[in-house]
Amino acid sequence: MVEGVAKVAAERGVPPAQVALAWLLGKPGVTAPIIGATKLGHLTDALAAEELELTDDEVQRLEEPYLPHPVLGHV
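Rules used throughout
- Residues numbered from 1 in each chain as written.
- Predicted model: local features only at pLDDT ≥ 70, side-chain atom pairs only at ≥ 80, totals over all residues.
- Heavy atoms only, no water.
- Axes fitted to C-alpha atoms, helices over the stretch in contact; angles between N-to-C directions.
- Helix = DSSP H or I, 4+ residues; strand = E, 2+ residues; numbered from the N terminus.
- Parallel < 35°, antiparallel > 145°, perpendicular 65-115°, else oblique.
- Contact = heavy atoms within 4.5 Å.
- Core = buried A, V, L, I, M, F, W, Y, C linked by side-chain atoms within 4.5 Å.
- Buried < 20%, exposed > 50% of the residue type's maximum accessible area, 1.4 Å probe, protein only.
- Left-handed = near helix turned anticlockwise from the far one by under 90°.
- Nonpolar A, V, L, I, M, F, W, Y, C, P; charged D, E, K, R; others polar.

*Asks:* Go over the packing of helix α1 (residues 2-12) against helix α4 (residues 56-63) with me, naming the residues and quoting the values.
*Replies:* Put simply, α1 and α4 touch, their axes get as near as 8 Å, and they point 150° apart. For the element pair α1 / α4, the angle class is roughly antiparallel. Packed against α1, whose contacting residues are Gly4, Val5, Lys7, Val8, Glu11 and Arg12, the element α4 presents Glu58, Arg61 and Leu62 at the interface.

*Asks:* Outline the nonpolar core, supporting the account with residue identities and numerical values.
*Replies:* Formed by Val5, Val8, Ala9, Val19, Ala22, Leu52, Leu54 and Leu62, the largest nonpolar core amounts to eight residues. Mapped onto this core, the elements with two or more residues apiece are α1 and α2 (16-25). It is α1 that contributes the most residues to this core, three residues altogether. Setting aside residues no more than four positions away along its own chain, Leu54 makes contact with Val8, Arg12, Val19, Ala22, Trp23, Val59 and Leu62.

*Asks:* Can you lay out the packing of α2 against helix α3 (residues 40-51) for me, pointing to particular residues and giving the numbers?
*Replies:* Closest axis-to-axis distance for the α2/α3 pair is 8 Å, and the angle between their directions is 50°. By the criterion of interaxial angle, the relationship of α2 to α3 is oblique. The handedness of the crossing between α2 and α3 is right-handed. Contacts between α2 and α3 pair Ala17, Gln18, Leu21, Ala22 and Leu25 from the former with Asp45, Ala46, Ala48, Ala49 and Glu50 from the latter. Residue composition of the contact of α2 with α3, grouped by class: seven nonpolar, one polar and two charged.

Structure, rendered in structure tokens:
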């Protein structure tokens, strides 16, 4: 997935963090991701990600290599 994020980011001319956060913000139920900002650039990327809208094709390319796993340890 990291390679896909890097490719989409390069195509868009934005940092990979913006693409990753834009993808996350596009998921139902995600309203406030924890970004762990320790540098000003982290906040800048987070704010820019809120404005970045990924196309359906980009989302599909990002999710294609992901293999879901069952949640363990929860009843």
